[in-house]
Structures are given as C-alpha cells and as structure tokens.
Amino acid sequence: MKDIKNYNLLAHNTFGIDACCRRFLEYETKEEAVGIAQSLTAEDGPLLILGGGSNLLLTGDFPGTVIHSAMKGIAASEKEDGSVWVVAASGETWDDVVGVCVENDWYGAENLSLIPGEVGACAVQNIGAYGVEAKDLIVSVDAVELGSGALKTFSGEDCGYSYRHSKFKDAWKGKFLITSVTFRLSKERTLHLDYGNIRAELERKGMSEPSLQQLRQTIVDIRNAKLPDTKVLGNAGSFFMNPIVPREKYDSLVAQYPAMPHYSVDETHEKIPAGWLIDQCGWKGKSLGKAGVYERQALVLVNRGGASGADIVHLCQTIRQDVKEKFGIDIHPEVNII
C-alpha cells in the first residue's frame, strides 16, 4: 500500500495538468481497501477516488486525500446459460480486459475497445461507445464502504445506470472503494456494427463478416484516427456528453440542418452528436491560448502544452455558450472537473 504526502498527480491525469494532493493512498488488495476505509478521519478530507485519470480535469492542487486502486487480476467462469462471467479487479486497465475477452472469443465488450481508464472507473462512469455501454455488461460491482469498511456487492440494477451516469456519481459519490466488477459476456457471435462508421470502415477493408478480432482492430483504428495520444497531446477523450433532445426540438433543427447526424433514443427523444454541434460553431482545430479543440475530432479538448485546468475550463465554457446561442442546446461536460 502507498501512503504519500504532498503527492504530484501529473502521472495520474491524462490532461497533463501539474497538480498535487495533500495525501495519496493506493490499495493493492481488498484487505488494504478495508484498512483505508476504516482508518480515514475528517482530517483526511476532502476525498477524491481516482481511476486512471482519463476522465478528469484538475483545476488546481487538491487539498485533501486522493485514493487509487492498484488491484490487479482477471478471472472468468462459464455459466450454464452459455454466458461467460469475467471478474476484473478495479485497478486493471479497461482495454486490457477487452483484449482478454476478444482473445477468448467472448462477445460483448469489443465496441468499447481503446476507451482509456480503469475497470473501477468504468463502473462509475458507465462508459460507452458505438452503441454499447458498460451497463449492458455489468452483472455486479464489489466495493468497500468508507467509514465502516463493510464489504458490499451491488447488482447492475442497484447502480442506477443511465447515459454516462450511476449512483456512484451522485447518491454514492465518495462513499465506496470499488474492488472488482463482474461482466457478462457471450460465446455466441453477436456483433453491433450499425453505430457510427463501423460498417463503412469494415466495408472499406473488405470485411463483410468480420471476426471478433477484426472488429476490435477496426474500432481501435477508428479511435486512433480521431483521438490524440495522451502521451503526445494531453486530453481526456470525449469532453462533452452527446445531448438528448425532445423530438420537437430535433424536428425544428433538422429542418434547418438536413444533414445533421442523430441517433434515436426512444419515440420522443433523439441524440445529437456534440462533436457535430461544436464543429458547426467553427471550433474544430481552434484554440484559446494553450487550450484547444482537436483538429480531427471537435469533441476532444486538448492541452497544447502548459495549459492550466482553468484554461481548459474557459475553453469549455466558451464552446458551451456558442453551441447554446447557435442551436439552443445545452451541452454538458462528461469529464469530472475538480
């Protein structure tokens, strides 16, 4: 277990913000997580439970305690219904888990390839891409209750999942240390190809019936073409959530912008890509000082070198205002701003 005072978080946030916390705690086992949960006092607050830092924007030094899971391990078991349950420790890199599933021909997680971050954070954020969300796979989440050290197991239904949201982000925020997540995969060939440009890219490659490995690689290629390497250009991936609007609002907009992309949510709501809205406002490739919008994907805000958290926030607020003025739509950050 690590217990370090005045710890620099530069290596723990993909935006590359140079900031410190007053205390840094890291657990490698469930027993260490219980020990941390039982030992914290009011003097350790405020608390920040951190994953891979890929969905985080620090606006300055954190005045309290940061807790991080370094728990490792991936185990699988086959069930009588033909499904495969994969138990992944909270500190595992999410894409490594996807890789294991694909290597074993377990279907379900492949569309979530190359999403940065760790397993624990995936269950908090309900990560999603290309028509699939973590909640579609999550059976249960194991955690330790802060304060009591009690071991808890929550079903996927308990977690109250919705678009990029769970109870871990509001009612349960800062109350649990996640130790592992159990996912349900399938041995039956079931591919989701009709979201975004997956099918078009497969056709370009001449793959009408892709293998699971070919689909994963195609999604990796698509993401690499759109998203910058965090080691080269600081970013947190998609900065904004795609807004969901009432059908009436969509109808009025599509009359003005017939080529506007959209995805049906239900009979009364449509999802509009935030990246398209931002691009239409002329922000793709533009900058405000050292903070900018990535030239290949308007949904991604980047640190062009030496930007502060405040610089990124200023850019975010300016973009939100422009989208609101042009389209009458509020877009909200997906990234956790601290």
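From a predicted model like this one, the values you see are computed outputs, not experimental measurements.

(A) A look at the nonpolar core. In this structure, F239, F240, L301, I319 and I331 are the most contacted members of the largest nonpolar core, which totals 44 residues. A per-element tally of this core places helix α8 (residues 309-327) first, with 7 residues. Apart from residues no more than four positions distant in its own chain, I331 is found in contact with F240, P243, A274, L277, I278, I319, R320 and V323. Residues V86, C101, A143 and L185 belong to the second largest nonpolar core, which totals 43 residues.

(B) Spotlight on the sheet that holds strand β17 (residues 287-288). Here 4 strands make up an open sheet; going across it, the order is β13-β19-β18-β17 and the pairing antiparallel. Where the open sheet ends on each side, the last strands, each with one partner, are β13 (234-238) and β17. Judged from the 2 bridges that link them, β17 and strand β18 (residues 291-293) form a sheet pairing that is antiparallel. Bridge pairing in β18 links S287 to G292.

(C) Expanded view of the pattern of salt bridges. Scanning the entire structure with this criterion turns up 17 salt bridges. The shortest N-O distance in the salt bridge between R247 and E270 comes to 2.7 Å. With R247 in helix α6 (residues 247-256) and E270 in strand β16 (residues 269-271), the pair connects residues that are 23 residues apart, well separated along the chain. On the basis of relative accessible area, R247 is assigned to the partly exposed category, the value being 26%. Put simply, E133, K135, D136, R164 and E334 are held in one network by salt bridges that share partners.

(D) Main features of the side chain of E26. The topology assignment puts E26 in strand β2 (residues 20-27). Engagement of the side chain of E26 in a polar contact is seen with the side chain of H68, the distance being 2.8 Å. With sequence-adjacent residues up to four places away left out, E26 is seen in contact with M1, K2, E32, I36, H68 and A70.

(E) Here's a closer look at the sheet that holds strand β6 (residues 74-78). The strand order across the open sheet formed by 5 strands is β6-β7-β12-β10-β11, and the pairing between neighbours is antiparallel. The sheet is open, and its two edges are formed by β6 and β11 (151-155), each paired on a single side. Taken over all neighbouring pairs, the strand axes of this sheet differ in orientation by 20 degrees on average, direction set aside. Pairing analysis gives 5 bridges linking strand β10 (residues 138-145) to β11, with the strands arranged antiparallel.

(F) The side chain of K271, seen in detail. Locating K271 in the fold gives a position in strand β16. With no salt bridge to any partner, buried K271 finds its closest opposite charge in E133, at an N-O distance of 5.9 Å. What K271 contacts, discounting residues up to four positions off in sequence, is Y163, Y195, N242, P243, I244, P261, H262, Y263 and V265.

(G) How the structure looks around α8. Helix length check: α8 (19 residues) gives 27 Å between terminal C-alpha atoms against 27 Å at 1.5 Å per residue, within 8%. Positive backbone phi, approximately 70 degrees, marks G328, located one or two places after α8.

(H) Summary view of helix α1 (residues 30-39). Buried residues of α1: A33, V34, I36 and A37, and no others. Across the axial projection of α1, the buried residues extend over an arc of 165 degrees, all falling on one side. Tucked into the core, α1 has its buried residues touching β2, β5 (62-69), β10, β11 and β12 (176-186).

(I) Looking closely at the pairing of β13. Burial within β13 is extensive, with 4 of its 5 residues counted as buried. Across 3 bridges, β13 lies against strand β19 (residues 300-303) in antiparallel orientation. By the bridge assignment, N235 is partnered in β19 with V302.

(J) Spotlight on the packing of aromatic side chains. If you walk through the whole model with that rule in mind, you get 14 aromatic pairs. Note on W172 and F176: the rings are 5.8 Å apart at their centroids and 70 degrees apart in plane angle, and the pair reads as edge-to-face. Across the pair, exposure class does not vary: W172 and F176 are buried alike. Summarising the aromatic geometry, the rings of Y257 and W276 are spaced 5.9 Å apart at their centres and angled 80 degrees between planes, so their arrangement reads as edge-to-face.

Conventions adopted
Residues numbered from 1 in each chain as written. Predicted model: local features only at pLDDT ≥ 70, side-chain atom pairs only at ≥ 80, totals over all residues. Heavy atoms only, no water. Core = buried A, V, L, I, M, F, W, Y, C linked by side-chain atoms within 4.5 Å. Buried < 20%, exposed > 50% of the residue type's maximum accessible area, 1.4 Å probe, protein only. Helix = DSSP H or I, 4+ residues; strand = E, 2+ residues; numbered from the N terminus. Contact = heavy atoms within 4.5 Å. Pairing = 2+ DSSP bridges. Salt bridge = Lys/Arg side-chain N within 4 Å of Asp/Glu carboxyl O. Polar contact = N/O pair within 3.5 Å; in protein donor to acceptor, adjacent residues only side chain to side chain. Axes fitted to C-alpha atoms, helices over the stretch in contact; angles between N-to-C directions. Lys, Arg positive; Asp, Glu negative; His and termini not counted. Expected span 1.5 Å × (residues − 1). Arc of directions from axis to C-beta. Phe/Tyr/Trp six-rings, centres within 6.5 Å; stacked < 30°, edge-to-face > 60°.

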